[in-house]
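# Observations on chain architecture
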Amino acid sequence: MSNYSDRGIERIESVYRDYVNFTEKILPQARITGTYAPYFGDLCKKLEGKIQSSILILKNQSKEIKEVDSLVRILEIAKVELAEYYHIMLDVARGTSRIPKNLHFFADEMFVTMTFDKNIPYLIKSELSADTPSSYELFKDTARQHLITFSDAREYLNDMRLHLICLNPSMIDNPLDWVLIGHEVAHILEKESLRIVESKYPQIRPLNYSTPYEHPISTTPVLDKKEPKWCLEGACDIIASIGFGPIYGLRLIENFLVPSEQIFDSHPPWKYRLNIIASELERLDWTDDSIRIRDYIKDIKLPSSFDERFEPHAWEDVRKEIRSVMQQRQMEYVCTPARKETIRILTKRLNENKPCVTIKGKPVDPRDILNAACYVEENLSKGFEFREFLIDMIRLSQTDKIYKKIKLQISSSGGHPINLRPFLESNR
Amino acid sequence: MGLDMTETVGDRRMYLSTTSMGTGYLAECLLSMELYRNTPDPSVLRPSIHECKRFIDDFISTLEKSDGAPFVMRKIAEYLNEQETKNSISYWKSIEDTIERAEKGESIYDLEERIRTLRTVIDDFNKLRQIVTEKLYVGQRSPVEQL
């Protein structure tokens, strides 16, 4: 029996040795971008010792197991767990390297505005197999669940969080698609701070069995299992639309809309989602864009069995709460005559490849540049040079915005020197 | 396995980590039960046993088609049913009952039979994990390994 035990433990230790090689040799070479990049490396490194002590516990206890059928299962599961965890970390190290710095800007700003001082660690990851953007939490909700039999590592991961926003490389290359990040940031905000949908539908809660379940039991009636998930997706679409304006819905159309759609549990059909987005844009006075979106979706076919008037039971309450939070945090991107004029001027300048950072001496909101880019001539907007130009304009506009913040901070501190680090980090 | 076409990498990652978590908790249970077989004393049970019990409890309520069950658990329970596994509620209740009795230090005369049931459930969950892993990594393995 000890032979089986020794061999099983040896296999686990061999994966562990490879992991140590990764944290010591490969990870320090990875050029991970974003404010929280060092956090990822630190956690991987700290887990090394926790995994090692967990293996030791497993080693001692496995010697006491007399039944070979049980022993081989326990050790094989532990080995697969560790290998899978290691594979995830390798994948994250690769995918989070060389992400454009100013892609982080929009997410940083949303996090700061919506949560004030609360730090929500996240990284942006390039994901080859991701056609649609997505997000997940890497440590507590993922690594921990892959290291259940590693007792010390599991305990350590209880309070560790790092969210990943996954985008297809083609979206990372196209600044117009950067607004899609808004939906993923909304998922993270809902999970970490808002909990508007979760309070109505606890079915979407992340699984965590380390503490007894504290959330309220659902009082919202549900039609079927898709209702809570659809409500969540709709809520995140609303947050992105309110925060970024028409460009969010228009990029969904450009990337995902197809002539005929099926119904799935995990996400509502695009037609359904775009209808919600169009309503929200109408409320924010983006009437022309709302009509434009409705025009795109009017002929999209859905299965005849699907009732297009379907609405989650808690939808009205959820929408009301989101609107209220976004308004309080001044995140609403409303169409005003001044903004309309700004976008008209910016569209003209973009068509002519002219600078877009200020208009009449006033700084331009980077979101205005992105929304104006929607109206640029199609031939031009698909070109590589135009995208590069747009990236430069966004970066300059972001830098200008940060510079203004610093100036404001200096004047409010009576001209005393201030710590520039938070400002600089938010633009790393 | 019928994964939705609209499921994102994040969704699939969640299915994988949840099936992995399920397999891990069941393996922890098995380890605890084997230790208890040697020494029928609650102090030999692994500290994770409370977490295992909460997970099993949640899964039983999912199998009983509770409306409040987590979305991801309902999907996994559906997939397990598609596989025509032996994951009946009675199997899961037997595991839960075994844990509760072991926590009280009771003698369990059919512990061996219960451990066999536990191994069957582990194998089914493990199979499911392999299927989800394959779905998740289609077209992704090779570039990752180039790092």
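Residues numbered from 1 in each chain as written. Chains lettered and ligands numbered in written order. Predicted model: local features only at pLDDT ≥ 70, side-chain atom pairs only at ≥ 80, totals over all residues.

### Overview of the overall build of chain B
Counting its secondary structure elements, chain B contains six helices and zero strands. For chain B, the N- to C-terminal ordering of α and β elements is α-α-α-α-α-α. Per-residue burial over chain B gives 44% buried out of 147 residues. In chain B, the proportion of contacts linking residues at least 24 apart, taken out of those at least 6 apart, comes to 76%. (Helix = DSSP H or I, 4+ residues; strand = E, 2+ residues; numbered from the N terminus. Buried ≥ 20, exposed ≤ 12 C-beta atoms within 10 Å, placed from the backbone. Contact = placed C-beta atoms within 7 Å.)

### Focus: the overall build of chain A
If you tally the helices and strands in chain A, you get 19 helices and five strands. Here chain A has a C-alpha radius of gyration of 24 Å; the compact-globule value for 428 residues is 22 Å, and the two agree. Expressed along its principal axes, the backbone C-alpha trace of chain A runs to roughly 80 × 60 × 45 Å. The contacts in chain A between residues at least 6 apart in sequence include a share of 78% that link residues at least 24 apart. (Rg over C-alpha atoms; globule rule 2.2 N^0.38 Å.)

### Quick look at the confidence of the model for chain A
Averaged over chain A, the pLDDT score is 88; the fraction of residues at 70 or greater is 93%. Overall, residues 423–428 of chain A carries pLDDT values under 50, and its contacts beyond four positions in sequence, including any with other chains, amount to 13 contacts. (pLDDT = per-residue confidence, 0-100.)

### Focus: the confidence of the model for chain B
Per-chain confidence: chain B averages 83 in pLDDT, with 84% of residues scoring 70 or above. The low-confidence segment residues 139–147 of chain B (pLDDT under 50) makes eleven contacts with residues lying over four places distant or belonging to another chain.

### A few points about the packing of helix α2 (residues 37–62) of chain A against helix α3 (residues 68–95) of chain A
Residues and elements named next belong to chain A. With their axes 13 Å apart at the nearest point, α2 and α3 run at an angle of 175° to one another. One way to sum up the angle between α2 and α3 is to call them roughly antiparallel. Along the contact surface, α2 presents Phe-40, Cys-44, Ile-51, Leu-58 and Ser-62, while α3 presents Leu-71, Ile-74, Leu-75, Ala-78, Leu-82, Met-89 and Val-92. Partitioning the contact of α2 with α3 into residue classes produces eleven nonpolar, one polar and no charged. (Axes fitted to C-alpha atoms, helices over the stretch in contact; angles between N-to-C directions. Parallel < 35°, antiparallel > 145°, perpendicular 65-115°, else oblique. Nonpolar A, V, L, I, M, F, W, Y, C, P; charged D, E, K, R; others polar.)

### Some thoughts on the nonpolar core
Soluble globular proteins tend to bury their nonpolar side chains together. Judged by nonpolar contacts, the single largest core of 144 residues is most densely connected at Ala-235 and Ile-369 of chain A together with Leu-26, Cys-29, Leu-30 and Leu-118 of chain B. At 13 residues, helix α1 (residues 9–38) of chain B tops the list of elements feeding residues into this core. Excluding residues within four positions of it along the chain, Cys-29 of chain B makes contact with Cys-52, Ile-95, Ile-99 and Leu-118 of chain B. (Core = buried A, V, L, I, M, F, W, Y, C linked by C-beta atoms within 7 Å.)

### Examining the sheet that holds strand β3 (residues 163–167) of chain A
Strand order in this open sheet of three strands is β1-β3-β2 (chain A), and the pairing throughout is mixed. Because the sheet does not close on itself, it has two edges, and the strands there are β1 (122–126) and β2 (134–137) of chain A. Between one strand axis and the next, the sheet turns by 25° as a mean value, whatever way the strands run. With four bridges joining them, β2 of chain A and β3 of chain A adopt antiparallel strand pairing. Of the residues in β3 of chain A, the one forming a bridge with Ser-134 of chain A is Cys-166 of chain A. Together, β1, β2 and β3 of chain A form the strand contacts of helix α8 (residues 181–194) of chain A, whose direction differs from that of β2 of chain A by roughly 25°. Strands in contact with α1 of chain B are β2 and β3 of chain A; relative to β2 of chain A, the strand with the most contacts, it is inclined by about 30°. (Pairing = 2+ DSSP bridges.)

### A closer look at the interface of chain A and chain B
Between chain A and chain B, the contact holds 51 residues from the first and 46 residues from the second. Counting only elements with at least two residues in the side of chain A that touches chain B, the list comes to α3, β2, α5 (139–146) and α10 (226–244) of chain A. Looking at the side of chain A that touches chain B, the element that brings in the most residues is α3 of chain A, giving eleven residues. Partitioned by chemical class, the residues of the side of chain A that touches chain B number 20 nonpolar, 16 polar and 15 charged.

### A few points about helix α16 (residues 366–373) of chain A
Since one α-helical turn is 3.6 residues long, residues separated by three or four positions face the same way. Residues and elements named next belong to chain A. For α16, the buried fraction is high: eight of the eight residues fall into the buried class. Those residues of α16 lying buried are Pro-366, Arg-367, Asp-368, Ile-369, Leu-370, Asn-371, Ala-372 and Ala-373. Residues of α16 that are buried in the fold lie against α10, α11 (246–256), α15 (337–351), α17 (378–381) and α18 (384–412).

### Some remarks on the pairing of β1 of chain A
All names here are of chain A. Among the five residues of β1, four are classified as buried, and the element is accordingly described as predominantly covered. The pairing of β1 with β3 spans five bridges and is classified as parallel. The partner of Ile-124 across the bridge, within β3, is Ile-165.

### Describing the environment of Thr-342 of chain A
Residue and element names in this part refer to chain A. By the secondary structure assignment, Thr-342 is in helix α15. Overall, the presence of 21 C-beta atoms within 10 Å leaves Thr-342 in the buried class. Each C-alpha atom, one on Thr-342 and one on Phe-105, is 21 Å from the other, the two residues being 237 residues apart in sequence. Excluding its chain neighbours within four sequence positions, the residues that come into contact with Thr-342 are Ile-359, Val-364 and Asp-368.

### A word on unusual backbone geometry
Residue and element names in this part refer to chain A. We note that Asp-285 has phi near 70°; this positive angle belongs to a residue other than glycine. The topology assignment puts Asp-285 in the loop between α12 (270–283) and α13 (287–297). The exposure class of Asp-285 is partly exposed, given the 15 C-beta atoms found within 10 Å. The phi dihedral of Gln-330 falls on the positive side, at around 55°, and the residue is not glycine. Counting through the fold element by element, Gln-330 comes out in the loop between α14 (315–328) and α15. Exposure remark for Gln-330: the 7 C-beta atoms within 10 Å place this residue in the exposed category.

### Focus: α12 of chain A
All names here are of chain A. Counted at 1.5 Å a residue, the expected span for α12 with its 14 residues is 20 Å, and the 20 Å between its end C-alpha atoms agrees. Burial analysis of α12 places eleven of its 14 residues in the buried class, the great majority of the element. All of the buried residues in α12 are Trp-270, Lys-271, Tyr-272, Arg-273, Leu-274, Asn-275, Ile-276, Ile-277, Ala-278, Glu-280 and Leu-281. Phi for Asp-285, located one or two positions after α12, is positive at around 70°. (Expected span 1.5 Å × (residues − 1).)

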